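Chains, contacts and geometry: an overview
Here is how the chains run, residue by residue.
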Amino acid sequence: MGGLFGVVSKEDCVMDVYFGTDYHSHLGTSRGGMAVWSGKSFNKSIHNIENTLFRAKFEAELANTKGNMGIGCISDTEPQPLTVRSHLGQYALSTVAKINNLNDIVDKEFSNRKNIHFMETSKGAINPTELVSVIIDHEDSFKDGLLKAQELIEGSCSILLLTPQGIYASRDKMGRTPLIVGRKAGAYCVSSESCTFPNLGYVFNYELGPGEIILLTPDGMEKIAPPRDKMQICAFLWVYYGYPSSTYEGVSVEVMRNRNGALLAKNDNVEIDLVAGVPDSGVGHAIGYSNQSKVPYGRPFIKYTPTWSRSFMPQNQEIRNLVARMKLMPIPELVSGKRLLFCDDSIVRGTQMRETVDLLYKCNASEVHIRPACPPIVFGCKYLNFSVSRSEMDLAARQAIIKLEGKEPESLDAYCDPSTEQYGCMVDYIGKRLNLSTLKYQNIYDMIDAIGIGKDKLCTYCWTGKEA
Ligand code: SF4
């Protein structure tokens, strides 16, 4: 996945860029970067943040970095921002992108041109952000370049482009990832997450529509290209990976989770002693469940945050399992002899859930009921990079379907419909595999209602397999 943050200001803005970018650390664990325009050139720095925090890596450089415009990014893939000098001038570029047709674009648009080359990364691939810069450089203006990138790229791509004149912000053409503008006296910021605003003194100013392009300068915001009609913002932003204190399309993540949990409880009749959330993103759903059901909310286990502070998991599955196991500390007094119900954001492979449930039974839980906050994930995400290592066949739902059918069925539609026998068998299978007392997923209709912006504006592909 990844996150973007940029500031244009009448005064030095380095600290805002630093803290604003850091507030996107839940969106990626691989690389962090900042580029600040000094008036003559870019102060750029990129660090590996796999084993350390963004703030710790960049703190020592702050004293020597000055400027009133800058962008930063947290990336789960390529090192960014790139700084470029082309016929359009100097600029710095960051993207949150998944370019599914990267090699096609290179072959069709650039391979027969003599004066083009791409730097190969250590794995022989092309840096997607570099491809975006080459697309932009082949047009006559930043506006045309950003529009061309939207036209060519399949997948998704939101962009911040810092020039000596200001920051161009271009939201993905289907709006799968958000870009939100904040404002304070003498400054504007643009951010993937609006949770950055209050502590840096910004207030909400504007949310870009799908495909919309703006130019931010210290004096104001100019609309460069209008929004498109069709939006497919990722529903998983609210359910799982968006930060609870962010708001997208006017809908607060935490408020959505509370509503979603309440709807889960309305359709439930299980007898339990305690409701809990699997930290962190299950908590908001669980509070909603508890308030609706009138069953007390508690914390039968706590996350050990002093050293296991990152909420997003490493890409490597084995390390991810180990981290997940070591992070959660049970409180035996709240587990022993209790009938516990946990809300979790989702079940992906189910391996972490299985370990958590085993731990609860070791602490003598009498029953463990799981309520995922979204339907079974049947399809891998085609549009965003946060599930880059997720193979569709590893998904708990797909494994269950193959076990039940003996092979991959021609159509998965019946497994996406909660009214079918096939769906019931799949959920039963997953519940038994995870050793649960009961398992009941949120249904897609209530999840969409809890978001509340209309089904036609949301991407729900990973649950339905249907593209808009
Ligand atoms: S497929 Fe799922 S995770 Fe991917 S953009 Fe759509 S809703 Fe989000």
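Residues numbered from 1 in each chain as written. Predicted model: local features only at pLDDT ≥ 70, side-chain atom pairs only at ≥ 80, totals over all residues. Heavy atoms only, no water.

**A short note on the overall build of the chain**
Convention followed: Where helices and strands are cited, they refer to DSSP runs of H or I of at least four residues and of E of at least two residues respectively, numbered from the N terminus. Here the globule rule is a power law, 2.2 Å times the number of residues to the power 0.38, and the radius of gyration is based on C-alpha atoms. Any two residues having at least one pair of non-hydrogen atoms within 4.5 Å are treated as being in contact. For the purpose of charge, His is not counted, nor are the chain termini; Lys and Arg are scored as positive and Asp and Glu as negative. Where a charge sits is defined by one atom per residue type, namely NZ (Lys), CZ (Arg), CG (Asp) or CD (Glu).
What the chain contains, in helices and strands, is 16 helices and 23 strands. Rg of the C-alpha trace for the chain: 23 Å, near the compact-globule value of 23 Å for 468 residues, within the 12% margin. Expressed as lengths along the three principal axes of its C-alpha atoms, the size of the chain is roughly 65 × 50 × 40 Å. Across the chain, contacts joining residues at least 24 apart in sequence account for 67% of those joining residues at least 6 apart. Between the centroid of the 50 positive side chains of the chain and the centroid of its 53 negative side chains there is a distance of 2 Å.

**Structural notes on the domain arrangement of the chain**
Note the threshold: Each domain span listed reflects an automatic or database assignment of domains.
Under the domain assignment, the chain is made up of domain 1 (2–230) and domain 2 (251–464). The distance between the C-alpha centroids of domain 1 and domain 2 comes to 33 Å.

**Some thoughts on the sheet that holds strand β8 (residues 166–170)**
The condition that has to hold: By the convention used here, strands pair only if DSSP detects at least 2 bridges between them. What counts as an axis is a line fitted to C-alpha atoms, over the stretch in contact for a helix, and the angles between N-to-C directions run from 0 to 180 degrees.
On the basis of which strands lie adjacent, the open sheet formed by six strands has the order β5-β6-β7-β8-β12-β13 and antiparallel pairing. For this open sheet the edge positions go to β5 (82–86) and β13 (220–225), each flanked by a neighbour on one side alone. Averaged over all pairs of adjacent strands, the angle between their axes in this sheet comes to 25°, without regard to strand direction. With eight bridges joining them, strand β6 (residues 89–99) and strand β7 (residues 155–163) adopt antiparallel strand pairing. Bridging across to β7, Lys98 finds its partner in Ser156. Lying over the sheet, helix α5 (residues 142–152) contacts β6, β7, β8, β12 (213–217) and β13, oriented at roughly 165° with respect to β7.

**Quick look at the nonpolar core**
Applicable threshold: Residues grouped as a nonpolar core are buried Ala, Val, Leu, Ile, Met, Phe, Trp, Tyr and Cys residues, joined through side-chain atoms within 4.5 Å. Summary of the burial criterion: residues with accessible area below 20% of their type's maximum are buried, those above 50% are exposed, and those between are partly exposed, where the area comes from a 1.4 Å probe applied to protein chains only.
Residues Met34, Phe236, Trp238, Phe342, Met426 and Trp463 are the most contacted members of the largest nonpolar core, which totals 106 residues. Each of two domains, domain 1 (2–230) and domain 2 (251–464), supplies a minimum of three residues to this core. Excluding anything up to four places from it in sequence, Met426 contacts Pro376, Ala397, Ala400, Ile401, Leu404 and Tyr415. Within the second largest apolar cluster, 31 residues are counted, among which are Ala97, Val132, Val134 and Ala225.

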